[in-house]
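# Fold and geometry: a report
The chain contents come next:
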Amino acid sequence: GGIFRPHVPAPNSGEEKTPVRKGWDVGHRVLGVALLACGFWQMGEGIRLYAIKYSVSESAEDNLNIAYWVWIGVMSALIVVGGGYFKFKNMSPKNTDNDEVPVGDDV
């Protein structure tokens, strides 16, 4: 745990999160989204500054911006789809009909 992070209740304990912990969760999420937005903005500005410094044509700069946003979209889609896949995979019921442990050729 962190030094400044408020206590989080144990899972299935029935204990409610304190208002301080709820505030921490919201603040942590907002800060993360803000930093992600700053990173996206910084990349766009970096592409613009690169184009100015190295006299890149406007069409090449536009193509680089398009390539950057396509890359961000593909990576975001992979994260969302992958997260959904593993969440679904972990939710699917386990085979409880056969409690026997496979032996020998049954593996």
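Structure's up top.
These remarks concern the structure in this document.

Quick notes on the rules
- Residues numbered from 1 in each chain as written.
- Predicted model: local features only at pLDDT ≥ 70, side-chain atom pairs only at ≥ 80, totals over all residues.
- Heavy atoms only, no water.
- Salt bridge = Lys/Arg side-chain N within 4 Å of Asp/Glu carboxyl O.
- Helix = DSSP H or I, 4+ residues; strand = E, 2+ residues; numbered from the N terminus.
- Buried < 20%, exposed > 50% of the residue type's maximum accessible area, 1.4 Å probe, protein only.

## Structural notes on the pattern of salt bridges
By the definition in use, this model includes three salt bridges. The partner of Asp25 in a salt bridge is Lys17, and the shortest N-O contact between them spans 2.8 Å. Asp25 is paired through a salt bridge with Arg21; the nearest N and O atoms lie 3.2 Å apart. Taken together, the positions of Asp25 and Arg21, both in helix H1 (residues 19-53) and four residues apart, correspond to about one turn of that helix. Residue class for Asp25 comes out partly exposed when judged on its relative accessible area of 24%. Shared partners join several salt bridges into a network, and the residues in it are Lys17, Arg21 and Asp25.

## As for unusual backbone geometry
Residue Asn12 is not a glycine yet carries a positive backbone phi of 60°. With respect to the helices and strands, the residue Asn12 is situated in the segment before H1. For Asn12, a relative accessible area of 83% corresponds to the exposed category. The phi dihedral of Ser55 falls on the positive side, at around 50°, and the residue is not glycine. Tracing the backbone shows Ser55 in the loop between H1 and helix H2 (58-91). Taking the relative accessible area as the measure of exposure, Ser55 reaches 65% and is therefore exposed.

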